[in-house]
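Here is how the chains run, residue by residue.
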Amino acid sequence: MKPMLASARRLGYAVGAFNIVDYNSARAVVRAAEELRAPVILQTSVKTVKFWGAPTIGSWLRELAATSPVPVALHLDHCTTLEVIVQCIAAGWTSVMIDASDKPFEENLALTKKVLEITESVGVGVEAELGAIGGVEDDKQVADEDAHLVDPDKAMAFCTLPLAVFAPAIGTAHGLYKSAPKIAFDRLEALGRRTPMPFALHGGTGLSDEVFQRCIRLGCAKVNISTQLKHDFIDGFVEHHLDKKEYEPLKPLRAQFDRVKQQVSQKIRLFGGEGRFEDCQSCP
Ligand code: 13P
């Protein structure tokens, strides 16, 4: 993921990081990227990894990535424990997020460095977060009043580490927005002027096209989409069944695949990833 996102930041676009839950959703993401000749990130929550078991879901995702003509990174989202990070690396993930953002600054930094030590020798990318992104992700819930924005001075301690990507809390939140979010573009801009580090934009569901594009211009090279895909995944299946009332599982699965793929294609285009599959020269 590191060379992929370094190219994206340098060239001014973002790679979509899509949270998948099974083989059908993962295949839809990869096929959308292939059609648009775009790099893509298959992202798994810790909950999804635990549901299937890392070796099982890892084998499906590795197969999709290895046989695809476009660069596909396999990324572990918001992980708080070294144990799951190590399991996923052993099962073939190519990058991991250590989320120690609820810990005191020094502890967050120390844990991030520890993960970098673990990943250095195996060439796995690392994402770290500073500040608190609101909303619910896995079992972690950050209430609006507890969400706080990144401090650009403190963030530089992370941005001088050899991370693949850094996630600054800038006012976005996981899940559905109750009202339009107030994005701290000023902080993103201040940070982007000081470092070439690619940034991750969390809480992608429900942001406007203008917000996406402005954040990408200010250095966000990875955009996370989860909640929107969960809706497409379930609605795609259920609506097909309610309409047709047939008990042939492959048909609603096909409808689900098409719905997820369409959403992913639209986002890849919006983030400027179309045709970018050859940018990342050192990708395998
Ligand atoms: P959404 O659920 O708001 O799309 O956020 C996704 C995300 O940031 C995952 O880490």
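Structural data are supplied above this passage.
Numbering of residues begins from 1 in every chain and follows the order in which that chain's sequence is written. Where local features are concerned, this predicted model is filtered to residues with pLDDT of at least 70; where side-chain atom pairs are given and counted, the filter is 80 or more; whole-chain, interface and lining totals use all residues. Hydrogens and waters are ignored; side-chain quantities use all the structure's heavy atoms.

## Thoughts on the packing of aromatic side chains
The way to describe two aromatic rings as a pair is by their centre distance and the angle between their planes. Side-chain rings of Phe, Tyr and Trp, where Trp is taken by its six-membered ring, are said to pair if the distance between their centres is within 6.5 Å; with planes under 30 degrees apart they count as stacked, over 60 as edge-to-face, and otherwise as tilted. Inspection of the entire model under this criterion finds five aromatic pairs. Between Phe51 and Trp52 the ring centres are 5.0 Å apart and the planes differ by 80°, which places this aromatic pair in the edge-to-face class. Owing to a relative accessible area of 65%, Phe51 belongs among the exposed residues under this scheme. Through successive ring pairs, a cluster of aromatic residues spans Phe51, Trp52 and Trp60. Relative accessibility thresholds used throughout: buried, under 20% of the residue-type maximum; exposed, over 50%; partly exposed, between the two (1.4 Å probe, protein chains only).

## Considerations on the site of the ligand
Within the structure, the ligand sits among 14 residues, and Asp77, Gly203, Thr205, Ser226 and Thr227 are positioned closest to it. Here an oxygen atom of the ligand and a side-chain polar atom of Asp77 are 2.7 Å apart. Between the ligand and the protein, one listed contact pairs an oxygen atom with a side-chain N or O atom of Thr227 at 2.5 Å. Helix numbers and strand numbers start at the N terminus; a helix is a DSSP run of H or I with at least 4 residues, a strand a run of E with at least 2. Listed by contribution, the elements that provide at least two residues to the shell around the ligand are strand S3 (72-79), strand S9 (173-174) and strand S11 (220-225). For the shell around the ligand, the class distribution of residues is two nonpolar, ten polar and two charged. Nearness here has a simple test: a residue counts as near a molecule or strand if at least one of its heavy atoms is within 4 Å of that partner. Polar contact criterion, stated in full: a pair of N or O atoms within 3.5 Å, where within protein one must be able to donate a hydrogen and the other to accept it, and residues adjacent in sequence count only if both atoms are side-chain atoms. Here the term charged refers only to Asp, Glu, Lys and Arg, the term nonpolar to Ala, Val, Leu, Ile, Met, Phe, Trp, Tyr, Cys and Pro, and the term polar to all other amino acids, Gly among them.

## Here's the deal with the pairing of strand S1 (residues 15-19)
Most of S1 sits inside the fold, with five of its five residues counted as buried. Taking every second residue as pointing to the same face, both faces of S1 are buried, with Val15, Ala17 and Asn19 on one and Gly16 and Phe18 on the other. As judged from the four bridges shared by S1 and S11, these two strands associate in the parallel manner. Looking at S11, one finds that Ala17 is bridged to Asn224. Sheet topology note: the S1/strand S2 (residues 40-44) ladder contains three bridges and is parallel. Within S2, the position partnered with Asn19 by the bridge is Gln43. We call a crossover right-handed when, viewed with both strands directed away from the observer, the connection leading from the first strand over the helix to the second proceeds clockwise. A crossover links S1 with its parallel partner S2, the connecting element being helix H2 (residues 23-35), and its sense is right-handed. Two strands pair under a simple rule: DSSP has to find at least two bridges between them.

## Some points on empty space enclosed by the protein
As defined here, a cavity is a set of points on a 1 Å grid over the protein atoms alone where a 1.4 Å probe fits but cannot get out. A pocket is an open set with protein on both sides within 12 Å along at least five of seven lines, and residues line them when an atom is within 4 Å of a point. Grid points are joined across faces, edges and corners, and a volume is the space filled by probe spheres set on the points. The tally for this structure, following the rule as stated, stands at two cavities of 30 Å³ or more. What lines the largest cavity is a set of 15 residues, among which Glu137, His174, Gly203, Gly204 and Ser226 lie closest to the centre. For the lining of the largest cavity, the secondary-structure elements that each account for two or more residues are S3, S9 and S11. Taken together, the residues that form the lining of the largest cavity break down as two nonpolar, eleven polar and two charged.

## A word on the pairing of S3
Among the eight residues that make up S3, eight are buried, leaving the element largely enclosed by the rest of the structure. Sheet topology note: the S2/S3 ladder contains five bridges and is parallel. In the strand pairing of S3, Thr44 is matched with Leu76. Alignment of S3 against strand S4 (residues 95-98), held across three bridges, turns out to be parallel. Counted as the bridge partner of His75 is Ser95 from S4. For the segment spanning S3, helix H5 (residues 82-90) and S4, crossover handedness is right-handed.

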